[in-house]
Amino acid sequence: SRTNVQGVFDMAVTDANGDYTRYTNVADVDTVEATPGSWVQAGALVHVHTPDSRAADANVFVSLIQYNGDAIGNITVYLENLTFQGGITALRFISSAAGQMPKLYAKNCKFQYSTNGNGLTLTGIDTAILQGCEASANYLDGFNYHAGDAIVPRAIEIDCLARDNGVTAADTSNGSSIHDGGSVVRINGNYQSNKGPNVVEDGALESWNLGTHASDSNATAAGQNADFMMGTSGAMWLDYCTSNGSTFGIVAGSSTTIYKLQTRATVADSGSGAIYERIIPAESAQGQ
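Worth saying up front: this structure is predicted, and the values here are computed from it rather than measured.

## So, the packing of aromatic side chains
The full count for this structure, using the stated rule, is seven aromatic pairs. Ring geometry for Trp-237 against Tyr-259: centres 5.2 Å apart, planes inclined by 20°, an arrangement best described as stacked. With a gap of 22 residues between them, Trp-237 in strand β26 (residues 235-239) and Tyr-259 in strand β29 (residues 257-261) connect regions that are remote in the sequence. With a relative accessible area of 25%, Tyr-259 lands in the partly exposed category. With a centroid separation of 5.8 Å and an interplanar angle of 25°, the aromatic rings of Tyr-259 and Tyr-276 are classed as stacked. With a gap of 17 residues between them, Tyr-259 in strand β29 and Tyr-276 in strand β31 (residues 274-278) connect regions that are remote in the sequence. Chaining the aromatic ring pairs together yields one cluster made of Phe-9, Tyr-20, Phe-61 and Tyr-113. The side chain of Arg-92 reaches across the aromatic face of Tyr-67, ending 3.8 Å from its centre. Above the face of the Tyr-191 ring, Arg-186 is positioned so that its terminal group lies 6.0 Å from the ring centre.

Calculation notes
- Residues numbered from 1 in each chain as written.
- Predicted model: local features only at pLDDT ≥ 70, side-chain atom pairs only at ≥ 80, totals over all residues.
- Heavy atoms only, no water.
- Phe/Tyr/Trp six-rings, centres within 6.5 Å; stacked < 30°, edge-to-face > 60°.
- Helix = DSSP H or I, 4+ residues; strand = E, 2+ residues; numbered from the N terminus.
- Buried < 20%, exposed > 50% of the residue type's maximum accessible area, 1.4 Å probe, protein only.
- Lys NZ or Arg CZ within 6 Å of the ring centre and 35° of its normal.

In structure tokens:
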């Protein structure tokens with residue numbers, strides 16, 4: 001007996017990553033009866049068919065049409081050692097008026113199993129610093145940053161992991177992505193197996209990635225199976241980064257520029273933008 005449901009997961013049946021099984025939403029009760037791993041809302045009841053056809057139990061995780069973690073306004077939020085699972089987004093933080101300076105600091109947190117959005121959605125957040133955080137198995141992006149109320153996002157991700165995000169046919173779900181003139185720094189970190197470009201900036205100002213690894217995009221749509229991508233504007237720096245396992249490694253979109261330093265990719269660079277190889281001066285190399 002439950003209404004307002006948007007997703008169902010099974011904590012007892014997991015994949016190779018240890019992620020919960022995401023049930024498929026089907027049209028009617030008869031289809032649920034015939035389809036293991038499915039669910040439907042029928043009036044005030046949620047009908048489920050477990051993946052292994054066992055009786056429904058406490059391991060059936062029902063997610064509501066609500067934001068799980070939710071913060072709004074001109075505040076500073078600090079999170080440590082917390083796990084957010086389910087909800088429209090696992091965590092949403094948005095501004096509420098122009099001129100604000102909301103800030104998020106998150107350490108060793110997980111954002112997982114969103115049902116209609118990103119793992120971490122930050123809109124109009126002036127400063128976000130994430131350390132040792134993970135965004136995984138979400139409906140859309142893992143880490144997502146947008147401007148809001150004329151507040152342009154700035155973000156730093158340190159030793160973060162974004163993997164296995166995206167379930168839609170659009171194949172535009174990313175591990176990490178900043179938009180709307182924002183700037184981002186990624187230090188180390190692993191961005192892999194997302195259903196779209198693993199690391200992509202769209203309409204961003206600048207992106208610096210140091211020692212960052214991106215690999216094994218799951219996208220099948222044209223042009224979306226990529227590791228590092230600069231979309232529609234701005235510049236990206238890739239210093240000591242690695243890319244492998246995707247159709248496209250490093251992609252510079254029209255009117256964008258990518259600068260590489262000691263960065264390795266297993267496929268040729270692509271895109272209509274400019275990509276430059278930076279060289280360490282000999283005198284600097286001798287001093288290392």
